[in-house]
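This is what each chain is made of:
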Amino acid sequence: KNGTVSSSLIAPLATELQNEYGLVVKGGCRVNEVSLSSGDDDGLLNANKITYFDTTSKTTETIDDVDGVILALGCKGMENVVRTSPDLARLPVFSKAASLKGIDVISVRLWFDKVVPTRTPANVFSRFSELRGAGGTFFMLDQLQ
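Within every chain, residues take consecutive numbers counted from 1 along the sequence as written. Totals for whole chains, interfaces and linings use all residues, but because this is a predicted model, local features are given only for residues with pLDDT of at least 70 and pairs of side-chain atoms are given and counted only at 80 or more. Note: side-chain values were computed over all heavy atoms of the structure, leaving out hydrogens and water.

Enquirer: I'm lost on the overall build of the chain in this one. Help?
Expert: Secondary structure follows DSSP: runs of H or I at least 4 residues long count as helices, runs of E at least 2 residues long count as strands, and numbering of each begins at the N terminus. Helix and strand counts for the chain stand at 5 helices and 5 strands. For the chain, the C-alpha radius of gyration of 19 Å lies well beyond 15 Å, the compact-globule estimate for 145 residues. Taken along its principal axes, the extent of the C-alpha atoms in the chain is 50 × 35 × 35 Å. Exposure is judged per residue with a 1.4 Å probe applied to protein chains only, and the accessible area is read against the type maximum: over 50% gives exposed, under 20% gives buried, and values in between give partly exposed. A buried classification covers 16% of the 145 residues belonging to the chain. Only the protein chains shown count as cover for residues, with accessible areas throughout obtained via the Shrake-Rupley method and a probe of 1.4 Å. Of the roughly 11600 Å² of accessible surface on the chain, a fraction of 55% belongs to carbon and sulfur atoms. Computation of the radius of gyration draws on C-alpha atoms alone. For the globule rule, the value is 2.2 Å times the number of residues to the power 0.38.

Enquirer: Please clarify how the nonpolar core should be interpreted in this entry.
Expert: Here is a general trend for soluble globular proteins: nonpolar side chains tend to be buried in one another's company. Within this scheme, the nonpolar core is defined by two criteria: the residues are buried Ala, Val, Leu, Ile, Met, Phe, Trp, Tyr or Cys, and they are joined through side-chain atoms within 4.5 Å. Membership of the largest hydrophobic core is limited to 7 residues, which are V34, L36, A47, I50, V66, V81 and L88. For this core, the secondary structure elements donating two or more residues are β1 (29-38) and β2 (45-54).

Enquirer: Sorry, what's going on with helix α2 (residues 75-83) here?
Expert: One full turn of an α-helix is made of 3.6 residues, so residues set three or four places apart face in the same direction. Buried within α2 we find C75, M78, V81 and V82. Along the axis of α2, the buried residues cluster in a sector spanning 130°; they form a single face. In α2, the exposed positions that point more than 90 degrees away from the buried face belong to K76 and R83. Working rule for contacts: check all heavy atoms of both residues, and any pair within 4.5 Å makes them a contact. On its buried face, α2 sits against β1, α3 (86-89) and α4 (92-98). What the arc measures is the spread of directions leading from the helix axis to the C-beta atoms.

Enquirer: I tried to follow the environment of F125 on my own but got confused; where do I start?
Expert: As for its position among the elements, F125 is in strand β4 (residues 122-125). Taking the C-alpha atoms as reference points, F125 and G77, separated by 48 residues in sequence, lie 25 Å from one another.

Enquirer: Help me understand unusual backbone geometry in this model?
Expert: Only a minority of non-glycine residues have a phi that is not negative, and only a minority of peptide bonds are not trans. The backbone phi angle of K58 is positive, close to 60°, even though this residue is not glycine. For K58, a relative accessible area of 58% translates into the label exposed. The backbone phi angle of D65 is positive, close to 60°, even though this residue is not glycine. Checked against the element boundaries, D65 lands in the loop between β3 (59-64) and α2.

Enquirer: Whenever I open this one, the pairing of β2 confuses me. Can you help?
Expert: Along a regular strand, successive side chains alternate from one face of the sheet to the other. Examined bridge by bridge, β1 and β2 share 9 bridges and lie antiparallel to one another. In the strand pairing of β2, S38 is matched with L45. Where β1 folds back on β2, the antiparallel hairpin that results is connected by 6 residues, among which G43 adopts a positive phi of roughly 75°. Paired strands, in this sense, are two strands between which DSSP finds at least two bridges. In terms of strand pairing, β2 meets β3 through 6 bridges, oriented antiparallel. Residue pairing across strands places F53 opposite T60, the latter belonging to β3. Linking two consecutive strands that pair antiparallel, namely β2 and β3, is a turn of 4 residues; a positive phi of about 60° is found at K58 within it.

Enquirer: Help me understand the sheet that holds β2 in this model?
Expert: Adjacent strands of a sheet form backbone hydrogen bonds with each other and so pair up, either parallel or antiparallel. With respect to topology, 3 strands assemble into an open sheet ordered β1-β2-β3, the strand pairing being antiparallel. For this open sheet the edge positions go to β1 and β3, each flanked by a neighbour on one side alone. With strand direction ignored, the average angle separating the axes of adjacent strands in the sheet is 20°. Here an axis means a line fitted to C-alpha atoms, over the contact stretch when the element is a helix, while the angle between two N-to-C directions is reported on a 0 to 180 degree scale.

Structure, rendered in structure tokens:
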């Protein structure tokens, strides 16, 4: 109710991940390429390098020797990343994901340290100007089980 999804949910979560766990969150960046390499012992593929465009500085940057990559992408974003990442495009799971058509969906599961009173255990929220045409549904799973 107070602020946007970005300022009320995403920014505090990113701050917590950075402060508590030392993760690097790259907001305002577009992934150009995810490069993979074979693991030393197990032969499994691992992300080892990511190239991205920083929309703030207008520069292309590369991070070598990454531990992992989490991509929060919609259908179009996934299509673009796989199209520009030959290593990902060779893997059927990514090429299939990149060919999906549909609407973008975000699913978030939050655990609170206290009970949050609600009128009903499930409800739809929409018609808030801050959502800019989006909507959502919440489920209080502890109350539904």
